[in-house]
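# Structural overview for review
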Amino acid sequence: MAVPTVKLSSGYDMPMVGLGTFDLKPDSTAAAAVSASLQAGYRHFDTAWIYNTEATVGNTLNQKIRDGDVTREELFVTTKLFMTCADRVAEAARESLDDLGLTYIDLYLIHWPMAMTVTGDVRGSIGQPVAEIMKQLKPSDRDYVDTWRDMEKLVDEGLVRSIGVSNFNVQQLSRLLNTPGLRYRPVCNQIEIHPYHTNGELVECCHRTGVVPVSFSTLGRGGNYSDSRGTMTLLQDPVLTSLATKYDKTAAQVILRWCIQMNVAVIPKSSNPDRIRQNMQLFDFQLSGPDMAAISALNQNRRVWDISLWKDFPNFPDSPSTSI
Ligand code: A2P
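Please read these numbers as outputs of a predicted model, since none were measured by experiment.

The parallel open sheet is built from 8 strands, whose spatial order is E3-E4-E5-E6-E9-E10-E11-E14. Two strands in the sheet have a free side with no partner beyond their single neighbour: strand E3 (19–20) and strand E14 (265–266). Relative to strand E6 (residues 105–110), strand E5 (residues 76–81) runs parallel, the two being bridged by 4 bridges. Residue leucine 81 lies in a different strand from E6, and its bridge partner there is isoleucine 110.

Structure (structure tokens):
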């Protein structure tokens, strides 16, 4: 069965389920995950310059195209402009295109509203403790609206089909939508959405303005995450496990389906072929209205990404109440 798609404001269709590739090792693990996903029916792949998985994703997809398993037109590839590249958009996009081995990117996102300068090899540091990476990043006052104007040029040049944002808050998204003279609207906002961080106001703002919300960390990073509040075991939440039993699905499938029914696209990451298949089997059941509400009521405004290290940077997107 073809994966349901959502029509973006650019006119292109985006599959509602994609494979997230953050945290996949840029080696045979990532290649195997992309292959297993294609076989399971995925056509949407989400990467980012900073994930260091663009080359593996691109190589694997290109091999499958050469093998005749899939065509480029069937695929939807998202990648993201990192904060340290905010003032060199054209160069960064070409680097991503080269890494991906593609002639165009389906969807290119501003990864964060904050711009930064870097003193070291930030991409090469991925995998190291966040605090170590953070030391290399310094704030920059580059305005995301100026970055957006450069993103628009990529569409004009045919290098990118749709442009969007990630991690923008309500005010930032509204400002971008309402700035006079901008020629393309952000088609999506990729943000942290899961039952413990429902992000309701922002999701509602996206829907009201025709911006597709895309959830990252939908499964709470595998449902087992620790922070200053203790261990967060999302996938073991009793409400979710009892709904999983009721619908004869897994807690992960219940969460992903909850997103889909809210018209929120999902990009769960997995390197496990069984879980990759499982995360696509979301279209043969329907959560009832009360069950949808029960999942939304689990909200704790609790992120799995502690971004408070950036709280003093210009355009930090979280209010103090939603950051840890
Ligand atoms: P694995 O790669 O071993 O499957 P998120 O997208 O929220 O960041 O979650 C990614 C994490 O969730 C990964 O650690 C992944 O581990 C795990 N994961 C992905 N799909 C499932 C699933 N269906 N059930 C349980 N864990 C999952």
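With respect to spatial proximity, 16 residues lie near the ligand, and among them Ser270, Ser271, Arg275, Gln278 and Asn279 are the closest. A distance of 3.2 Å is found between an oxygen atom of the ligand and a side-chain nitrogen or oxygen belonging to lysine 269. Separating a nitrogen atom of the ligand from a side-chain N or O atom of asparagine 279 is a distance of 2.8 Å. Computed on the free molecule, the ligand has an accessible area of 570 Å², of which 80% lies beneath the protein chains in the complex. A breakdown of the residues in the shell around the ligand according to their chemical character gives 4 nonpolar, 9 polar and 3 charged.

Turning to the side chain of serine 140, a few remarks are in order. You can see serine 140 is positioned in strand E8 (residues 137–140). A relative accessible area of 15% places serine 140 in the buried class. A distance of 3.1 Å separates the side chain of serine 140 from the backbone nitrogen of arginine 142, its partner in a polar contact.

As a further point, take the packing of helix H8 (residues 238–247) against helix H11 (residues 289–296). Where H8 meets H11, the axes come as close as 10 Å, and the angle between the chain directions of the two elements is 155 degrees. Taken together, the axes of H8 and H11 are roughly antiparallel relative to one another. Read as a crossing pair, H8 and H11 show a hand that is left-handed. Counted together, Val239, Leu240, Leu243, Lys246 and Tyr247 of H8 and Asp291, Ala294 and Ile295 of H11 form the full contact between these two elements. Taken together, the residues that form the contact of H8 with H11 break down as 6 nonpolar, no polar and 2 charged.

So, on to the side chain of glutamate 152. Positionally, glutamate 152 belongs in helix H5 (residues 144–156). Overall, the relative accessible area of 2% leaves glutamate 152 in the buried class. Polar side-chain contacts of glutamate 152 include one of 2.6 Å to the backbone nitrogen of arginine 183. The contacts of glutamate 152, once residues within four sequence positions are left out, are Ile163, Leu182, Arg183 and Tyr184.

Another aspect to go through is the pattern of salt bridges. All chains considered together, the criterion is met by 18 salt bridges. Notably, a salt bridge pairs aspartate 106 with arginine 72, separated by 2.8 Å at the nearest N-O pair. Note that aspartate 106 is positioned in strand E6 and arginine 72 in the loop between helix H2 (54–66) and E5, a separation of 34 residues in sequence. Here aspartate 106 falls in the buried class, since its relative accessible area comes to 5%. Looking at arginine 72, the relative accessible area reads 15%, which means it is buried.

A packed helix pair is summarised by two numbers, namely the angle formed by the two axes and the spacing between the axes. Where helix H6 (residues 170–178) contacts helix H7 (residues 200–208), the axes come no closer than 10 Å and their chain directions differ by 15 degrees. By the angle class used here, H6 and H7 are roughly parallel. For the pair H6 and H7, the crossing hand works out as left-handed. Residue-level contacts link Val170, Leu173 and Ser174 of H6 to Glu201, Leu202, Cys205 and Cys206 of H7. Tallied by class, residues from the contact of H6 with H7 come to 5 nonpolar, 1 polar and 1 charged.

Definitions and limits used
Residues numbered from 1 in each chain as written. Predicted model: local features only at pLDDT ≥ 70, side-chain atom pairs only at ≥ 80, totals over all residues. Heavy atoms only, no water. Pairing = 2+ DSSP bridges. Helix = DSSP H or I, 4+ residues; strand = E, 2+ residues; numbered from the N terminus. Near = heavy atom within 4 Å. Polar contact = N/O pair within 3.5 Å; in protein donor to acceptor, adjacent residues only side chain to side chain. Areas by Shrake-Rupley, 256 points an atom, 1.4 Å probe, with all protein chains shown as cover. Nonpolar A, V, L, I, M, F, W, Y, C, P; charged D, E, K, R; others polar. Buried < 20%, exposed > 50% of the residue type's maximum accessible area, 1.4 Å probe, protein only. Axes fitted to C-alpha atoms, helices over the stretch in contact; angles between N-to-C directions. Parallel < 35°, antiparallel > 145°, perpendicular 65-115°, else oblique. Left-handed = near helix turned anticlockwise from the far one by under 90°. Contact = heavy atoms within 4.5 Å. Salt bridge = Lys/Arg side-chain N within 4 Å of Asp/Glu carboxyl O.

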